[in-house]
Amino acid sequence: VSDDLKNWTVVADALAPSESPAPDSWTTWTGSVVKGDDGLWWMFYTGTSREDSGDEQRVGAATSTDLMTWTKVENNPLTEADPKWYEMLDYQKWHDQAWRDPWVFKQDDQWHMITTARGITGQKYGRGVAGHAVSKDLRTWEVKPPLTATESGFGQMEVIQISEIDGIPTMLWCSGPNELTPELRAKFPHGGMFSTVGETMLGPFDPNQAVWFPHETLYAARAVQHEGKWFLLGFIHGPDHDFGGYICDPIPVVNNGKGLVPAENH
């Protein structure tokens, strides 16, 4: 916990893997936290299972009244990839069944969940999409078609976030260099953080219009608002080499109308 995004106090772990068999018996990964209409806090997170060697990702949830003590809901997982719209586990196509990093927000009296996922058409390194599910109560979810199209140039769009930044609906994500098309890899050899803008919080968003954030090692960053200004907080040295497992100091950013750029440049 922190008051200034720089000085942090480590407290008790919020979540841990469940005992087997369970949809999160292997790992509990990235997600997001929202406050429900009844005041209860919800943490949506990625779970993988020992029963399938951790290669099939699903989304679960835990709740809390104080943001400190969390209890997993009984009906986990709440969402998983629907083969009608999303690629299932096929090692000839990709190394896992992507449905992770849930980002949840409310829009037009409905909750929306955005996930890292892969579509069912297009070339290998163009199938990365923003998975989409909707709910009225945070408990029961309906998986919908992707929020973005395939042929994006991204094999996967990790840790997606959609927020209104500087008054502009903004989609933020990361991608490693080995998950880009050869054309994008030549342009962005380190991969990293990307963003684009849309007309509404539900887009349309076009990853082909992405703006790269000029930082060679920043990864899996979230945009966080503090005292009216926006900052990126993310891992340094990820995802492939020299991963340190620590979060950077806040990086001031602004939206230039096309995506996120360092505030110092404006």
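For clarity, every value in this text was computed on a predicted model and none was experimentally measured.

Counting secondary structure elements, the protein chain contains one helix and 17 strands. Rg of the C-alpha trace for the protein chain: 18 Å, near the compact-globule value of 18 Å for 266 residues, within the 12% margin. If you line up the protein chain on its principal axes, its C-alpha atoms span 45 × 45 × 40 Å. A burial count over the protein chain gives 51% of its 266 residues as buried. Here the contacts in the protein chain between residues at least 6 apart in sequence split such that 51% fall between residues at least 24 apart. Element-wise, carbon and sulfur atoms account for 50% of the exposed surface of the protein chain, whose accessible area totals about 12,800 Å². Averaging the positions of the 20 positive and the 37 negative side-chain charges in the protein chain gives two centres separated by 4 Å.

A word on the packing of aromatic side chains. For the coordinates displayed, the defined rule picks out nine aromatic pairs. Taken together, Phe154, Trp173, Phe188, Phe194 and Trp212 form an aromatic cluster joined through their ring pairs. The ring of Trp94 has Arg118 sitting right over it, with the charged end atom 4.0 Å from the ring centre. The ring of Tyr125 is capped by Arg185, whose NZ or CZ atom sits 5.8 Å from the centre of that ring.

Our focus in this paragraph is the environment of His95. Tracing the backbone shows His95 in the loop between strand S5 (79-80) and strand S6 (99-107). Look at His95 and you get partly exposed, because its relative accessible area is 45%. Once the C-alpha coordinates of His95 and Trp26 are considered, the two residues, 69 residues apart in sequence, prove to be 17 Å apart. Beyond its immediate stretch of four places on either side in the chain, His95 contacts Asp55, Leu89 and Gln156. At 3.4 Å, the side chain of His95 forms a polar contact with the side chain of Trp94. In terms of polar contacts, His95 uses its side chain to reach the side chain of Asp96, at 3.3 Å.

A few words now on the sheet that holds strand S10 (residues 158-165). Pairing is antiparallel in the open sheet, where four strands are placed in the order S10-S11-S12-S13. The open sheet has two free edges, formed respectively by S10 and strand S13 (211-212), since each of these has just one partner strand.

The next point concerns the sheet that holds S6. Reading across from one edge, S6-S7-S8-S9 is the order of the four strands in this open sheet, with antiparallel pairing throughout. Bordering the open sheet on either side are S6 and strand S9 (141-144), each of which pairs with just one other strand. Put simply, the sheet's adjacent strands are angled 30 degrees from each other on average, direction ignored. When S6 meets strand S7 (residues 110-118), the two strands line up antiparallel, connected through seven bridges. Residue pairing in the sheet places Arg100 in a bridge with Thr116 of S7.

The next thing to look at is the environment of Asp242. Take Asp242: it is sitting in the loop between strand S15 (229-236) and strand S16 (251-255). On the basis of relative accessibility, which here comes to 65%, the residue Asp242 falls in the exposed class.

The final tally for this structure, using the stated rule, is 11 salt bridges. Two residues, Arg127 and Glu87, come together in a salt bridge whose shortest N-O distance is 2.9 Å. Taken as a pair, Arg127 in the loop between S7 and strand S8 (128-135) and Glu87 in the loop between S5 and S6 lie far apart in primary sequence, 40 residues in all. Taking the relative accessible area as the measure of exposure, Arg127 reaches 12% and is therefore buried. In the salt-bridge network here, residues are joined through shared partners; they are Asp52, Glu56, Arg58 and Glu80.

Rules used throughout
Every residue gets a number counted from 1 within its own chain, in the order that chain's sequence is written. Only residues with pLDDT of at least 70 get local features here, since the model is predicted, and only at 80 or more are side-chain atom pairs given and counted; chain-wide, interface and lining totals rely on the full set of residues. Note: side-chain values were computed over all heavy atoms of the structure, leaving out hydrogens and water. Helix and strand assignments come from DSSP, with helices taken as H or I runs of at least 4 residues and strands as E runs of at least 2, each series counted from the N terminus. When we talk radius of gyration, it's over C-alpha atoms, and the globule rule is simply 2.2 Å times the number of residues to the 0.38. Classification of residues uses two cut-offs on accessible area relative to the type maximum, computed with a 1.4 Å probe and protein chains only: under 20% is buried, over 50% is exposed, and between them is partly exposed. Residue contacts follow a heavy-atom distance rule, with two residues in contact if any of their heavy atoms lie within 4.5 Å. Accessible surface area values rest on a Shrake-Rupley calculation with a 1.4 Å probe, where residue burial reflects the displayed protein chains alone. His is not counted, nor are the chain ends; Lys and Arg add positive charge and Asp and Glu add negative charge. Every charge is mapped onto a representative atom, which is NZ of Lys, CZ of Arg, CG of Asp or CD of Glu. Aromatic rings from Phe, Tyr and Trp, taking only the six-membered ring of Trp, are treated as a pair when their centres fall within 6.5 Å; an angle between ring planes under 30 degrees marks them as stacked, one over 60 as edge-to-face, and anything in between as tilted. A ring has a charge above it when a Lys NZ or an Arg CZ is no more than 6 Å from the ring centre and no more than 35 degrees off the ring normal. Polar contact is defined as a pair of N or O atoms within 3.5 Å, subject to the rule that within protein one atom must be able to donate a hydrogen and the other to accept it, and that residues adjacent in sequence are counted only when both atoms are side-chain atoms. DSSP calls a pair of strands paired once it identifies at least 2 bridges connecting them. Lines fitted to the C-alpha atoms define the axes, with helices restricted to the stretch that makes contact. Angles between their N-to-C directions range from 0 to 180 degrees. Put simply, a salt bridge is a Lys or Arg side-chain nitrogen that is within 4 Å of an Asp or Glu carboxyl oxygen.

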